[in-house]
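What the coordinates show
Single-letter residue listing:
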Amino acid sequence: EDQVTQSPEALRLQEGESSSLNCSYTVSGLRGLFWYRQDPGKGPEFLFTLYSAGEEKEKERLKATLTKKESFLHITAPKPEDSATYLCAVQVSGGGADGLTFGKGTHLIIQP
Amino acid sequence: ETGVTQSPTHLIKTRGQQVTLRCSSQSGHNTVSWYQQALGQGPQFIFQYYREEENGRGNFPPRFSGLQFPNYSSELNVNALELDDSALYLCASSSNRGIDEKLFFGSGTQLSVL
């Protein structure tokens, strides 16, 4: 069974204090790993897709990396507007439209 | 370019009733998928529709059913509601039949079953 585990469940940082969120996964065959951001009362918003180990992608203060077993979302010098729940999801290879398997998310709070 | 819109935003039903949720996909998208998100959990895949046919389904019972219309809008129907069906129901659209799962989500319908 495909599994996605995110840690920590919650993280409180001071503005400007850099940190990393972890997503470990167990899948039969990885087609892609996705990061989404979800604000309260909203649907998830796409951030990144990573396809192979060693791949990295950046967007503003966020950088996502991928290994064969886990992905990290690095947040550099965060601002209060970065506060949100960050969701990791995987899509497995195999040809079927099986949707994404999501983790429970990391609830990130950035204090001014 | 219009985004994904869902209606209603909130809904209260009682156990045993039936409910229909609606979704208009983003302009140019022909694939719609539905997810259930319980409080404090990540979204769970219910099913996906491509060109009016279901082409993928998660681990949900048959009382969860759907439709996709020629304009690519979609409905999620849930029969015989149970208390555990209380959740945020998210619709997402994309432009490639389950291959590129860069999904564009709506804001969801919050369903409460009493």
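Our subject is the structure that appears above.
The paragraphs below set out a description of the structure included in this document. All values derive from a computational prediction rather than experimental measurement. (Residues numbered from 1 in each chain as written. Chains lettered and ligands numbered in written order. Predicted model: local features only at pLDDT ≥ 70, side-chain atom pairs only at ≥ 80, totals over all residues. Heavy atoms only, no water.)

Between chain B and chain A, the residue contacts involve 22 residues of the former and 19 residues of the latter. For the pair chain B and chain A, the summed buried surface comes to about 1500 Å²; carbon and sulfur atoms form 55% of the total. Remark: the boundary between chain B and chain A carries zero salt bridges. Across the contact surface, chain B and chain A share four residue pairs in polar contact (both at pLDDT 80 or more). Contributions of two or more residues to the side of chain B that touches chain A are made by strand E4 (31-37), strand E5 (44-50), strand E6 (53-57) and strand E9 (87-94) of chain B. Take the side of chain B that touches chain A: its biggest share by element is three residues, from E6(B). Here the residues of the side of chain B that touches chain A are counted per class, giving eight nonpolar, 10 polar and four charged. (Contact = heavy atoms within 4.5 Å. Buried area = accessible area lost by both parts, 1.4 Å probe. Salt bridge = Lys/Arg side-chain N within 4 Å of Asp/Glu carboxyl O. Polar contact = N/O pair within 3.5 Å; in protein donor to acceptor, adjacent residues only side chain to side chain. Helix = DSSP H or I, 4+ residues; strand = E, 2+ residues; numbered from the N terminus. Nonpolar A, V, L, I, M, F, W, Y, C, P; charged D, E, K, R; others polar.)

Time to look at the packing of aromatic side chains. Applying the stated rule across the entire model yields nine aromatic pairs over all chains. Relative to B:Tyr49, the ring of B:Phe47 has its centre 5.4 Å away and its plane inclined at 90°; by these criteria the two rings are edge-to-face. We classify B:Phe47 as buried; its relative accessible area is 0%. Look at B:Tyr49 and you get buried, because its relative accessible area is 7%. One aromatic cluster is present, built from ring pairs that chain together A:Tyr36, A:Phe46, A:Phe102, B:Tyr35, B:Phe45 and B:Phe105. (Phe/Tyr/Trp six-rings, centres within 6.5 Å; stacked < 30°, edge-to-face > 60°. Buried < 20%, exposed > 50% of the residue type's maximum accessible area, 1.4 Å probe, protein only.)

This part takes up the pairing of strand E11 (residues 106-111) of chain A. All names here are of chain A. Residues Thr106, Leu108 and Ile110 line the buried face of E11, whereas the alternating positions His107, Ile109 and Gln111 sit on a face that is not buried. Pairing analysis gives five bridges linking strand E2 (residues 10-14) to E11, with the strands arranged parallel. Residue pairing in the sheet places Leu13 in a bridge with Ile110 of E11. Pairing of strand E9 (residues 84-92) with E11, which is carried by three bridges, proceeds in the antiparallel orientation. Bridged to Thr85 within E11 is His107. (Pairing = 2+ DSSP bridges.)

A full pass over the atoms with the stated rule returns two disulfides over all chains. Between the sulfur atoms of A:Cys23 and its disulfide mate A:Cys88 the distance is 1.9 Å. The disulfide joining A:Cys23 to A:Cys88 has a torsion of about -60° about its S-S bond and is therefore left-handed. Of this pair, A:Cys23 sits in strand E3 (residues 19-26) while A:Cys88 sits in strand E9, placing them 65 residues apart in sequence. Accessibility expressed as a relative area gives 0% for A:Cys23, which makes it buried. What pairs with B:Cys23 in a disulfide is B:Cys91, and their sulfur atoms sit 1.8 Å apart. Handedness here is read from the sign of the S-S torsion; for B:Cys23 and B:Cys91, about -60°, the answer is left-handed. Here B:Cys91 lies in strand E9 and B:Cys23 lies in strand E3 (residues 19-24), a separation of 68 residues in the sequence. On the accessibility criterion, B:Cys23 (3% relative accessible area) is buried. We classify B:Cys91 as buried; its relative accessible area is 0%. (Disulfide = S-S within 2.5 Å.)

On to the pattern of salt bridges. Note that side chains of opposite charge can pair when their charged atoms are close. One pass over the structure, following the stated rule, counts eight salt bridges over all chains. One salt bridge in this structure joins A:Arg61 and A:Asp82, with 2.8 Å as the shortest N-O distance. Of the two residues, A:Arg61 sits in the loop between strand E6 (56-59) and strand E7 (62-66) while A:Asp82 sits in the loop between strand E8 (70-75) and E9, which places them 21 residues apart along the sequence. The closest approach of N and O atoms between B:Arg63 and B:Glu82, which form a salt bridge, is 3.3 Å. Remark: B:Glu82 occurs in the loop between strand E8 (74-78) and E9 and B:Arg63 occurs in the loop between E6 and strand E7 (64-68); sequence separation between them is 19 residues. Residue classification places B:Arg63 among the buried positions, given a relative accessible area of 17%. On the accessibility criterion, B:Glu82 (39% relative accessible area) is partly exposed. Linked through salt bridges whose partners overlap, the residues forming this network are B:Arg63, B:Glu82 and B:Asp85.

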